[in-house]
Amino acid sequence: SLTVSTSTLAFDSTYVDTLRAAVYNASNTAIQYYSNVIVHTTVLAKPPIWEVNPFEFQHSMNMVVQLDMDTDPYEEELSEDEFDKVAVFNNGQIRGVANIERVFTQSGWKYLAYLDVYSYNAFGDSLSFRLWDADKGKQYGSEEDGTIIFADNGIVGSNLTPKKIHAKGLVQ
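Residues numbered from 1 in each chain as written. Predicted model: local features only at pLDDT ≥ 70, side-chain atom pairs only at ≥ 80, totals over all residues. Heavy atoms only, no water.

A. Just the side chain of Ser-79, in detail. Position of Ser-79 among the secondary structure elements: in the loop between β3 (59–68) and β4 (85–90). Looking at Ser-79, the relative accessible area reads 5%, which means it is buried. In terms of polar contacts, Ser-79 uses its side chain to reach the backbone amide nitrogen of Asp-81, at 3.3 Å. Not counting the four nearest positions on each side in its chain, Ser-79 is found in contact with Leu-67, Met-69, Asp-84, Ile-100 and Tyr-111. (Helix = DSSP H or I, 4+ residues; strand = E, 2+ residues; numbered from the N terminus. Buried < 20%, exposed > 50% of the residue type's maximum accessible area, 1.4 Å probe, protein only. Polar contact = N/O pair within 3.5 Å; in protein donor to acceptor, adjacent residues only side chain to side chain. Contact = heavy atoms within 4.5 Å.)

B. Focus on the packing of aromatic side chains. Within this structure, the stated rule accounts for four aromatic pairs. For the cation-ring pair, Arg-102 lies above Trp-109, with the distance from its terminal atom to the ring centre recorded as 3.9 Å. The side chain of Arg-130 reaches across the aromatic face of Phe-89, ending 5.6 Å from its centre. (Phe/Tyr/Trp six-rings, centres within 6.5 Å; stacked < 30°, edge-to-face > 60°. Lys NZ or Arg CZ within 6 Å of the ring centre and 35° of its normal.)

C. Representation of a nonpolar patch on the surface. A cluster of nonpolar residues, Tyr-24, Ile-31 and Tyr-34, forms a patch on the protein surface that exposes about 300 Å² of accessible area. Tracing the chain through its elements places Tyr-34 in strand β2 (residues 31–43). Looking at Tyr-34, the relative accessible area reads 43%, which means it is partly exposed. (Patch = residues over 30% accessible without salt bridge, like charges linked within 9 Å, V, L, I, M, F, W, Y side chains within 5 Å. Areas by Shrake-Rupley, 256 points an atom, 1.4 Å probe, with all protein chains shown as cover. Salt bridge = Lys/Arg side-chain N within 4 Å of Asp/Glu carboxyl O.)

D. Summary view of unusual backbone geometry. Even without a glycine there, the phi angle at Asn-91 is positive, about 50 degrees. Within the element layout of this structure, Asn-91 appears in the loop between β4 and β5 (93–105). Judged by relative accessible area, which is 76%, Asn-91 ranks as exposed. With phi around 65 degrees, Asn-153 is a residue other than glycine that occupies positive phi space.

E. Expanded view of the nonpolar core. Among the nonpolar cores identified, the biggest contains 21 residues, and Leu-115 and Phe-129 are the most heavily contacted of them. If you list the elements that add at least two residues to this core, you get β3, β4, β5, β6 (108–119), β7 (123–133), β9 (148–151) and β11 (163–170). Excluding residues that lie within four positions of it along the chain, Phe-129 makes contacts with Met-63, Val-86, Ala-87, Val-88, Leu-115, Tyr-140, Gly-141, Ser-142, Glu-144, Asp-145, Ile-148 and Ile-165. (Core = buried A, V, L, I, M, F, W, Y, C linked by side-chain atoms within 4.5 Å.)

F. Region of the structure containing the pairing of β4. Counting buried residues in β4 gives six out of six residues, a clear majority hidden from the surface. Of the pairings in the sheet, the one linking β4 to β5 comprises six bridges and is antiparallel in character. Along β5, the bridge assignment pairs Ala-87 with Val-97. Two successive antiparallel strands, β4 and β5, enclose a turn made up of two residues, where Asn-91 displays a positive phi of approximately 50 degrees. In this structure, β4 lies alongside β7, joined through five bridges in antiparallel fashion. (Pairing = 2+ DSSP bridges.)

Set out below in structure tokens:
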């Protein structure tokens, strides 16, 4: 049994330690041997609670996106963190959410988010985005706010040419 007080650990850090583990025999009655186990622990801030109920909506579209977490418009820092996420909103109401996934594409490994976006209207909703940077525990807006319009059965981006969503301005 291992107990770590999270109040003493700073987030955005990875801690590595070695534990000595007892390995028991098949009947669990005696220690067979001891083994050293290397443990990696990453401490993250509590993410925002972004949930969407697709059954509330009549229409949907799909997006394949990459997240650029650098708020400097002249720099690019594509997320490779599977704890990072993106949410889509219309007038402040959440319409979709997805985590970054590591996927193999025709052009090699990429880190992408696959968004299912929902709407009450077949066309015309202006979409805005929020990006969650899990390492930093920060939420950002997006440069793409208002530039993507919802279209029922629409597809934005692909594995080969994902839509880049750029972080802009700290939200939290």
